[in-house]
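Residue-level listing of the chains:
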Amino acid sequence: QVQLAESGGGLVQAGGSLRVSCAASGRTSSTLAIGWVRQAPGREREFIASISGSGGEILYAEAGKGRFAISRDHAKTTLVLQMSSLNPEDTAVYYCAAAQHFEGPVSRILSYDYWGQGTQVTVSS
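Predicted model only: the values in this text are computed from it and were never measured.

Remarks on empty space enclosed by the protein
Scanning the entire structure with this criterion turns up one cavity of 30 Å³ or more. What the largest cavity holds in volume is close to 30 Å³. Lining of the largest cavity is provided by Leu4, Cys22, Ala24, Ile34, Arg72, Lys76, Thr77, Thr78, Leu79 and Cys96. Counting residues per element, the ones that place at least two in the lining of the largest cavity are strand S3 (18–26) and strand S8 (78–83). Per-class residue counts for the lining of the largest cavity are six nonpolar, two polar and two charged.

Written out as structure tokens, the structure is:
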């Protein structure tokens, strides 16, 4: 079992930056890929970024390329998503998720087995 807890969401103006974090506990082996998925009101969950268990491979969705940066610490207990140049379309609940059967980064949302409770990010225009 893996427990995930997000923090760091909030309100930011368009063009600003925000950092969200995810604390992982439980079975956090180096084979566990972890990622960020967001869900805006009335929309389906959307993959944003993922990082491999080793931290050596990263995958971004088009929505995050060039603006978002995902990282994890060496102990693999903290996942960070640094977001910049935010716009109102980035407003969503951001979830941290872990995929127990994958070592490499994962973009398929259905492949994630564990989810945090989410943190709200609101970007005002």
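A few points about the pattern of salt bridges
A full pass over the atoms with the stated rule returns four salt bridges. Residues lysine 65 and glutamate 62 are paired through a salt bridge, measuring 3.0 Å at the closest nitrogen-oxygen approach. Relative accessible area serves as the criterion here: at 45%, lysine 65 is assigned to the partly exposed category. Its relative accessible area of 65% is what places glutamate 62 among the exposed residues. A salt bridge links arginine 67 to aspartate 90; its shortest N-O distance comes to 2.7 Å. Highlighted residues: arginine 67 in the loop between strand S6 (58–60) and strand S7 (68–72) and aspartate 90 in the loop between S8 and strand S9 (92–99), separated in sequence by 23 residues.

A look at unusual backbone geometry
One non-glycine residue, serine 85, lies in the positive phi region at around 50 degrees. Among the structural elements, serine 85 can be located in the loop between S8 and S9. Take serine 85: its relative accessible area is 42%, and that puts it in the partly exposed class.

Notes on the state of the cysteines
Counted under the stated rule, the structure contains one disulfide. The residue that forms a disulfide with cysteine 22 is cysteine 96, at a sulfur-sulfur distance of 2.1 Å. Because the torsion about its S-S bond is -75 degrees, the bridge between cysteine 22 and cysteine 96 counts as left-handed. In this pair, cysteine 22 sits in strand S3 while cysteine 96 sits in strand S9, placing the two residues 74 residues apart along the sequence.

Each value, and the rule that gives it
Residues numbered from 1 in each chain as written. Predicted model: local features only at pLDDT ≥ 70, side-chain atom pairs only at ≥ 80, totals over all residues. Heavy atoms only, no water. 1 Å grid on protein atoms, 1.4 Å probe; cavity = no way out; pocket = protein on both sides within 12 Å on 5 of 7 lines; lining within 4 Å. Points joined across faces, edges and corners; volume = space filled by probe spheres on them. Helix = DSSP H or I, 4+ residues; strand = E, 2+ residues; numbered from the N terminus. Nonpolar A, V, L, I, M, F, W, Y, C, P; charged D, E, K, R; others polar. Salt bridge = Lys/Arg side-chain N within 4 Å of Asp/Glu carboxyl O. Buried < 20%, exposed > 50% of the residue type's maximum accessible area, 1.4 Å probe, protein only. Disulfide = S-S within 2.5 Å.

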